[in-house]
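Here is how the chains run, residue by residue.
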Amino acid sequence: MRSANAVRCPIACTSALLLLFGLAGCKHNEPDHTAQEAPVAQPQVVDVGSNDIVRVENPGRFPLQSSVARPVVSTLEVTGSVSPDVSREIPVLSLANGRVAALHVGLGDTVHKGQLVMDVQSPDVATAFNAYLKAVNDEHLTMITLERDKLLYDKGAIPQTQLEGAQNGEDDAKANLVAAEQQLKILGVDKDHPGDMVKVYAPATGIIIAQNVTAAGAAGITFAGAAGSLTIADLSHVWVICDVYENDLANVHLGQHADIRLNAFPGKVFSGTISDIGAQLDPSLRTAKVRIQVPNPGNQLRLGMFATASILGSRPVDKTAVPAEAILQLHDRSYVFEPEANGTFKRVQVKIGRTLEGNLIEVQSGLNVGQQVVLHALDLQNTADQQ
């Protein structure tokens, strides 16, 4: 009879072999992650539609309107500032060099022609008056000599040539006397009441726009130079100097009309004419200076004011236009609604221009002549928002 241990041994061995083969089979069926990775999942794109496509019930209740062509004069908008007309600027010069003893006007004052503007104490007056006195004495001496020679010539005591020499001397002395008197007059000195003060008067009526001298300062053509002590400008006409980019210069011509608007006068338009186009471009900004001549009644345009100039073209050009109510203003942009074949409407962005006659709006881009748009764009947008 076998023992119990002998019976258990084959069973245990068999179980161990089965377990070993089972583990081997499981390991064989397990996927090898190191050899191959699963592909990355691709994102799915879902078409959610376009906000520019509008669908409403009964689209026929929104009337359509075809865009039309309207003649429009092209406009170029440029900026600039008010400047004086240099041809109307007059320097105030003291022809006598010296020290300013009194200054009667100042920067920004309005002066009239002949008005006293300053007194100059000048040593030139003494020099000119001394020359005048010498000319008076010389002329008096030559006149006595001529009268004596005439008497002697009548008595046959001297030849005619001597008399002619005396006459020439008198003529030269008179010429020198006239020149000396004129010099005093130019300096503003009265020959009968001489003094060391020279009075300087305004040569024209206008506004003082530059002051190059103060009281006790030096005045005169030598010290002040070409600019003069003061500068008077007639501001009845002024210039508006604008910067025009080189790409727009082909649309700018001499004699072209321009509308001038200023921040100081909202809603008011001043008329001007282009009088000069700069021959040189700014190398950094690529702009040329364009000068616009503007009448300035009442001196309303003040120097340095910021200005906007609308330069009008010479010939009208046909532009696309639609009724004002066909334009939808949304987030600082302009749109129109165009009808689609399936009863929907497409919102199209456009660039608008000026307001034209007949409550029309110029469309500069985004729409062609003859295309249909919804007449009341805001009503369509509100209806679409409520659905």
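Our subject is the structure listed above.
Computed from a predicted structure; not experimentally measured. (Residues numbered from 1 in each chain as written. Predicted model: local features only at pLDDT ≥ 70, side-chain atom pairs only at ≥ 80, totals over all residues. Heavy atoms only, no water.)

1. A short note on the sheet that holds strand β6 (residues 110–111)
Right, so step 1: Spatially, β4-β11-β9-β6 is the arrangement adopted by the 4 strands of the open sheet, whose pairing is antiparallel. Where the open sheet ends on each side, the last strands, each with one partner, are β4 (89–92) and β6.
Right, so step 2: Both β4 and strand β11 (residues 230–233) contribute to a ladder of 4 bridges, which runs antiparallel. When the sheet's bridge partners are listed, Pro91 is paired in β11 with Thr231. (Pairing = 2+ DSSP bridges. Helix = DSSP H or I, 4+ residues; strand = E, 2+ residues; numbered from the N terminus.)

2. What to know about a nonpolar patch on the surface
Right, so step 1: On the surface, a cluster of nonpolar side chains totalling about 250 Å² of accessible area is made up of Leu93, Leu95 and Ile186.
Right, so step 2: Along the chain, the position of Ile186 falls in helix α3 (residues 160–187).
Right, so step 3: With relative accessibility at 44%, the residue Ile186 sits in the partly exposed group. (Patch = residues over 30% accessible without salt bridge, like charges linked within 9 Å, V, L, I, M, F, W, Y side chains within 5 Å. Areas by Shrake-Rupley, 256 points an atom, 1.4 Å probe, with all protein chains shown as cover. Salt bridge = Lys/Arg side-chain N within 4 Å of Asp/Glu carboxyl O. Buried < 20%, exposed > 50% of the residue type's maximum accessible area, 1.4 Å probe, protein only.)

3. Points about the environment of Gly98
Right, so step 1: For Gly98, the position within the fold is in strand β5 (residues 98–103).
Right, so step 2: As for Gly98 and Val120, which are separated by 22 residues in sequence, their C-alpha atoms are 6.1 Å apart.

4. Here's the deal with the layout of surface pockets
Right, so step 1: Approximately 230 Å³ is the volume found for the largest pocket.
Right, so step 2: Lining the largest pocket are Val72, Val73, Ser74, Thr75, Glu77, Lys319, Lys351, Gly353, Arg354, Glu362 and Gln364.
Right, so step 3: Sorting elements by how many residues they give to the lining of the largest pocket places strand β3 (residues 68–84) first, with 5 residues.
Right, so step 4: In terms of residue class, the lining of the largest pocket is made up of 2 nonpolar, 4 polar and 5 charged. (1 Å grid on protein atoms, 1.4 Å probe; cavity = no way out; pocket = protein on both sides within 12 Å on 5 of 7 lines; lining within 4 Å. Points joined across faces, edges and corners; volume = space filled by probe spheres on them. Nonpolar A, V, L, I, M, F, W, Y, C, P; charged D, E, K, R; others polar.)

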